[in-house]
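Notes for the structure review
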Amino acid sequence: MSSPSSDSDAVGVVGDAGRVTVEGVSQRYGSGKDRVTALGPVDLDVEPGSFLVLVGASGCGKSTLLRLLAGFEQPAEGRVTVSGEAPVPGVSAGVVFQQPRLFPWRTVGGNIDLALKYAKVPKAERAERREGLLHRVGLEGTADRRIWEISGGQQQRVAIARALAADTPLFLLDEPFAALDALTRERLQEDVRRVSAETGRTTVFVTHSADEAAFLGSRIVVLTRRPGRVALDLSADLPRSGIDSEELRRSGEYNRLRAEVGRAVKAAAA
Ligand SMILES: Nc1ncnc2c1ncn2[C@@H]1O[C@H](COP(=O)(O)OP(=O)(O)OP(=O)(O)O)[C@@H](O)[C@H]1O
Ligand SMILES: [Mg+2]
C-alpha cells in the first residue's frame, strides 16, 4: 500500500472511486463585451457516495457546474476530476435534466434499451438489466408502454432509470422535479434518495428550493449570485434511520436546516 501523499498524483486509484474534486474552477462564456463569467472560482471535494445538493438563485451557475462535472464542457480555469480523472461524457456520470428528454416514439423499455446499448451492455443481458432498472424506479411491468401514455412523474422515473443504465460513479440531477406537482415531487425525492443510497453513486442534485435541499442533502452547498462561488457549505446530519419521510419533514432539525438554507440562499442572491 502506498501512502496517501504518493497516491495524490495517481489516477483512478481505488480510494478515489466516486470522489469528485473541483479545484479553482471558473467558467466563462462569450467574448469581448459579451463575455460573462458564469461561475467561480469554486473549490469542492465531494466524498464518494455522498449526496450533495447545490442551491442558488437563477443564473448563478448551477447548471454550468453540473455540465463541468459531467464532462460536457471544459473549465476556463482550474480542474475537475471524477474518480481521479477528467470526467468523460456518458462514462463518468448519468444525468437527469428538468425535462425527461425521452424518445417519444420509443416505448419505456425502448428508451432504456438504447441507454444500455450506448453503455455497451451485451444484447443478451439487456432485458434483465432493463427490468432491474425499471424495478429500481418503481416502474416494473411498464416496458411496453408508450412514452405519451405515462404521466410526467413516470417519465421522469424513466429518465432516472436511463441515467442509471451505465455503471457511472456519478449521478447528476439538474432541477429534475421542478415541473412536477408537490405530491409527485415528494415521492420522487424519497425515491431518488433511496436510489442514490442503494447504488452507492456520488450524487449531485441542483435545485432552487431550500425545502428540497434540506430534505435530500447529506451536504448542502449554496452558491452566490453570478459568478457562482461557495457562500455556504453545510453537512446535514438529519436523523434518517428508523424515521419516515413525513416524520423527517415535521422534525425540528429539518425545519431549522430548511430555514438556514433559505436564509443563506436569499443572502447569497442579494
Ligand atoms: N453556453 C452559454 N453561453 C453564454 N452564456 C451562458 C451559457 N451557459 C450559461 N450562460 C450564462 O451563465 C450564467 C449561469 O448559467 P447557468 O445556466 O449555469 O445558471 P443556473 O444557476 O443553472 O440558472 P437556473 O437556475 O436559471 O437554471 C447565466 O448568466 C447564463 O446566462
Ligand atoms: Mg440551471
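What you see is a predicted model; the values in this text were computed from it and never measured. Numbering of residues starts from 1 in every chain and runs along the sequence as written. Labels are handed out in written order, letters beginning with A for the chains and numbers beginning with 1 for the ligands. Confidence filtering applies because this is a predicted model: local features only for residues at pLDDT of at least 70, side-chain atom pairs given and counted only at 80 or more, and all residues used for totals across whole chains, interfaces and linings. For the side-chain quantities, the full set of heavy atoms in the structure was used; hydrogens and water were omitted.

The next subject is the overall build of the chain. Helix and strand assignments follow DSSP, with helices taken as H or I runs no shorter than four residues and strands as E runs no shorter than two, numbered in order from the N terminus. Of the regular secondary structure elements, the chain holds nine helices and nine strands. Burial classification: accessible surface area is computed with a 1.4 Å probe over protein chains only, and a residue below 20% of its type maximum counts as buried, one above 50% as exposed, and the rest as partly exposed. Burial status across the chain gives 47% buried among its 270 residues. To be clear on the numbers: accessible area is Shrake-Rupley with a 1.4 Å probe, and residue cover counts the displayed protein chains and nothing else. Put simply, the chain shows about 13200 Å² of open surface, and 50% of that area lies on carbon and sulfur atoms. Positive and negative charge centroids in the chain, built from 36 and 35 side chains respectively, lie 6 Å apart. For the purpose of charge, His is not counted, nor are the chain termini; Lys and Arg are scored as positive and Asp and Glu as negative. Here the site of a charge means atom NZ of a Lys, CZ of an Arg, CG of an Asp or CD of a Glu.

Turning our eyes to something else, we now look at the nonpolar core. In this description, a nonpolar core means a group of buried Ala, Val, Leu, Ile, Met, Phe, Trp, Tyr and Cys residues linked to one another through side-chain atoms lying within 4.5 Å. Of all hydrophobic cores here, the largest spans 49 residues; its most connected members are Ile 160, Phe 171, Val 192 and Val 261. Sort the elements by how many residues they give to this core and helix 9 (residues 252–269) lands first, with six residues. Discounting residues that sit within four places of it in the chain, Phe 171 has contacts with Gly 94, Val 96, Ile 160, Ala 163, Leu 164, Val 192, Val 195, Arg 201, Thr 202, Thr 203 and Val 204. Counting residues in hydrophobic clusters, the runner-up holds 25 residues, among them Val 20, Leu 39, Leu 66 and Ala 70. Any pair of residues with heavy atoms lying within 4.5 Å of one another is described as a contacting pair.

Before going further, it helps to examine the confidence of the model for the chain. Looking at the chain, the pLDDT average stands at 92 and 94% of residues meet or exceed 70. Here pLDDT means the predictor's own confidence in every residue, given as a number from 0 to 100. In the model of the chain, helix 1 (residues 4–7) stands out as the element of lowest mean pLDDT, 45, in contrast to strand 4 (residues 77–82), which has the highest, 98. Considering only residues more than four positions removed or in separate chains, one finds that residues 1–13, a stretch of pLDDT under 50, has seven contacts.

Let's shift gears to helix 9. A turn of α-helix holds 3.6 residues, and therefore any two residues three or four places apart point the same way. Expected span, for any helix, means 1.5 Å times one less than how many residues it has. Helix length check: helix 9, at 18 residues, gives a terminal C-alpha distance of 26 Å against a target of 26 Å (1.5 Å per residue), a fit within 8%. Tyr 254, Leu 257, Val 261, Ala 264, Val 265 and Ala 268 are the residues of helix 9 that are buried. The buried residues of helix 9 all sit within an arc of 100° when viewed along its axis, so they share a single face. Exposed residues on helix 9 whose side chains face more than 90 degrees from its buried face are Arg 256, Arg 263, Lys 266 and Ala 267. As for helix 9, its buried residues are in contact with strand 3 (51–55), helix 7 (210–216), strand 8 (219–223), strand 9 (230–235) and helix 8 (245–250). Taken from the helix axis, the directions to the C-beta atoms give the arc we talk about.

Our focus in this paragraph is the site of ligand 1. Of all residues adjacent to ligand 1, which total 14 residues, the nearest are Ser 58, Gly 59, Lys 62, Ser 63 and Thr 64. A distance of 2.8 Å is found between an oxygen atom of ligand 1 and a side-chain nitrogen or oxygen belonging to Ser 63. Take Glu 175: an N or O atom from its side chain is 3.3 Å from an oxygen atom of ligand 1. Alone, ligand 1 offers 640 Å² of accessible surface; in the complex the protein occludes 63% of this. For this description, a residue counts as near a given molecule or strand if any of its non-hydrogen atoms is within 4 Å of it. For the purposes of these results, a polar contact is taken to be a pair of N or O atoms within 3.5 Å, where, inside protein, one atom must be able to donate a hydrogen and its partner to accept one; residues adjacent in sequence count only when each atom of the pair is a side-chain atom.

Below, the discussion takes up the packing of aromatic side chains. Pairing of aromatic side chains requires ring centres within 6.5 Å, counting the rings of Phe and Tyr and the six-membered ring of Trp. Pairs whose planes differ by under 30 degrees are stacked, by over 60 edge-to-face, and all others tilted. According to the stated counting rule, one finds three aromatic pairs in the structure shown. Ring centres of Phe 51 and Phe 205 lie 6.2 Å apart, and the angle between their planes is 35°; this geometry places the pair in the tilted category. Of this pair, Phe 51 sits in strand 3 while Phe 205 sits in strand 7 (residues 202–207), and the two are 154 residues apart along the sequence. Like Phe 51, the residue Phe 205 is buried in the burial classification. Ring centres 5.1 Å apart and planes at 50° place the aromatic pair Phe 103 and Trp 105 in the tilted group. Since its relative accessible area comes to 57%, Trp 105 is described here as exposed. Directly above the ring of Phe 97 sits Arg 101, whose terminal nitrogen or CZ lies 4.0 Å from the centroid. The side chain of Arg 249 reaches across the aromatic face of Phe 215, ending 3.7 Å from its centre. To sit over a ring, a charge needs its Lys NZ or Arg CZ within 6 Å of the ring centre and within 35 degrees of the ring normal.

So, on to the sheet that holds strand 8. In spatial order, the strands read 5-6-7-3-8-9; together these six strands make up an open sheet with mixed pairing. Unpaired on one side and paired on the other, strand 5 (93–96) and strand 9 mark the two borders of the sheet. Going across the sheet, the axis of each strand differs from the next one's by a mean of 15°, ignoring polarity. Pairing of strand 5 with strand 6 (residues 170–174), which is carried by four bridges, proceeds in the parallel orientation. Counted as the bridge partner of Val 96 is Leu 173 from strand 6. Only the contacting stretch of a helix is used when fitting its axis, a line to C-alpha atoms as for every element, and angles between N-to-C directions run 0 to 180 degrees. Strands in contact with helix 5 (residues 152–163) are strand 5 and strand 6; relative to strand 5, the strand with the most contacts, it is inclined by about 170°. Relative to the sheet, helix 9 contacts strand 3, strand 8 and strand 9, its axis offset from that of strand 8 by approximately 20°. Two strands qualify as a pair provided DSSP detects at least 2 bridges between them.

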